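# Chain and residue survey
Read off the chains here:
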Amino acid sequence: MNSVVGTFKTRAEADSAAGALRSAGIPADRINLLSPGATAKQVQSVPVTDAEGPGIGTALGAAVGGSVGVAGGLLLGDVLATVLLPGIGAVAAIGVTAAAILGALGAVGGGAAGKAADAALSDGIPAGELHIYEDALRQGRSVLIAEAKDEAQAAEMRDILTAAHAESIDKARHMWWLGVRDEEKEKYNARGGNFERDEAFYQKGFEAALHLNHRGKTFDESRDQLEWVYPDSFEHAAFRQGFDRGQAYLKARADNPR
C-alpha cells in the first residue's frame, strides 16, 4: 500500500476530505483519521463495525502516557482507539493504521508499545514521520491517512486531498522544521559551526533522534542502525550534533508538555 497523508486545520475539513475519498470509490477501511480534542460524546458517537458497539474503544486498555483504549483486534476491521497523549490531550483514531500510529505514539509517551502496534508499524507505517503527526496534533490539526493500492490511485488521492485544502506531509514537515530552525541555527553557530552549510546533515540527525527506534537513546547506543540508515551522513559532525539536539528537543517536550 502507498500511504497518502494530509493534515487539516479542522476536523470538519478532514471529514469532508474523507467523504470525497469515499465518493471516489475508496473503501472506508483504507481511510484513517487521527483527530485531537476528542470528547467522551464524540468517542461514543464514532461508527464502528457491526461487531463492535460505539465507544468500545475502552474494551482493551493499557496505561501508556495516561490512558488508552483500542476497539476489537487492532489488525482486523475498523478500529476506534483513544489515547491521552502528553502535551496533546485526548486523540481519537479511526482505522487500523491510525490506531497503530496512535498506539505507537502512546507507547512513546508512556513506556511500552503493544505487539499489535509494533506489527502494524513494521507493515509499512512510516515511523520516521510520526513526529510530524505529533506536531500536527499538538497544533490541533487532524491527520488523514489514505492507503492506495498503487501509484495511480495515490495520485488521485493526493488530488482529492489537495482540493479539500489538505496540507501535505512534506509541507507539514517543512513548517515543523521552520518552527525549530532558528533556535537550532543559533545554537549550532554559537559552537563555531556554519549552519547554512551544514543544515541538511544537521536536520537529518535531528529527525533521526525523533524516530521511534532512537528516542531516549544516546548516539553510541543507536550507532549501528544510524550508520546503516544514513551511510552518507553518519560520519558528519553536524549529523551527530543534530542527533544530540533532537534528543534534547524530546526531553524538553517531555518536561514541558505545553
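Residues numbered from 1 in each chain as written. Predicted model: local features only at pLDDT ≥ 70, side-chain atom pairs only at ≥ 80, totals over all residues. Heavy atoms only, no water.

Our focus in this paragraph is the overall build of the protein chain. A tally of helices and strands in the protein chain yields ten helices and eight strands. Per-residue burial for the protein chain yields a buried fraction of 45% across its 258 residues. Counting only contacts in the protein chain whose residues sit at least 6 apart along the sequence, the fraction spanning at least 24 positions is 65%. Of the accessible surface of the protein chain, which amounts to about 12700 Å², a share of 51% is contributed by carbon and sulfur atoms. (Helix = DSSP H or I, 4+ residues; strand = E, 2+ residues; numbered from the N terminus. Buried < 20%, exposed > 50% of the residue type's maximum accessible area, 1.4 Å probe, protein only. Contact = heavy atoms within 4.5 Å. Areas by Shrake-Rupley, 256 points an atom, 1.4 Å probe, with all protein chains shown as cover.)

Next up on the list: the confidence of the model for the protein chain. Note: predicted coordinates in regions of low pLDDT should not be interpreted at a detailed level. Here the protein chain averages 79 in pLDDT, while 74% of its residues score no lower than 70. Mean pLDDT in the protein chain bottoms out at strand S3 (residues 60-61), which sits at 29, and peaks at helix H8 (residues 195-210), which reaches 97. For the stretch residues 42-79, pLDDT sits under 50, and the model shows 76 contacts to residues farther than four places along the chain or on other chains. (pLDDT = per-residue confidence, 0-100.)

Below, the discussion takes up the packing of aromatic side chains. The tally for this structure, following the rule as stated, stands at 14 aromatic pairs. An angle of 45° between the planes, with centres 5.7 Å apart, marks the rings of tryptophan 176 and tryptophan 177 as tilted. Here tryptophan 176 and tryptophan 177 have matching classes, each one buried. Ring geometry for phenylalanine 219 and phenylalanine 234: centres 5.4 Å apart, planes at 15°, overall stacked. In this pair, phenylalanine 219 sits in helix H9 (residues 219-229) while phenylalanine 234 sits in the loop between H9 and helix H10 (237-255), placing the two residues 15 residues apart along the sequence. Phenylalanine 219 gets classed as buried once you look at its relative accessible area, which sits at 4%. Through a chain of ring-to-ring contacts, three or more aromatic side chains come together here, namely Trp176, Trp177, Tyr188, Phe195, Tyr202, Phe206 and Tyr249. (Phe/Tyr/Trp six-rings, centres within 6.5 Å; stacked < 30°, edge-to-face > 60°.)

Looking now at the nonpolar core. In terms of nonpolar packing, the biggest core is built from 34 residues, with Leu34, Leu102, Val143 and Trp176 touching the most fellow members. Contributing elements (two or more residues each) for this core: strand S5 (80-85), strand S6 (89-94), helix H3 (96-110), helix H5 (130-138), strand S7 (142-148), helix H7 (169-190), H8 and H10. Look past the residues within four positions of tryptophan 176 in its chain and what remains in contact with it is His131, Ile132, Asp135, Phe206, Glu207, Leu210 and Tyr249. Core analysis: the second largest hydrophobic core is formed by 17 residues, Ala17, Ile31, Leu33 and Leu144 among them. (Core = buried A, V, L, I, M, F, W, Y, C linked by side-chain atoms within 4.5 Å.)

This paragraph deals with H7. Spacing of three or four residues puts side chains on the same side of an α-helix, whose turn is 3.6 residues. The first and last C-alpha atoms of H7 sit 31 Å apart over 22 residues, in line with the 32 Å expected at 1.5 Å per residue. Turning to H7, its buried residues are Ile169, Ala172, Trp176, Trp177, Val180, Arg181, Glu184 and Tyr188. Lining the buried residues of H7 we find strand S1 (2-8), H5, strand S8 (167-168), H8 and H10. (Expected span 1.5 Å × (residues − 1).)

The next subject is the environment of phenylalanine 195. Along the chain, phenylalanine 195 falls in helix H8. Overall, the relative accessible area of 0% leaves phenylalanine 195 in the buried class. Once residues within four sequence positions are removed from consideration, phenylalanine 195 is found in contact with Trp177, Arg181, Glu184, Lys185, Tyr188, Asn189 and Tyr202.

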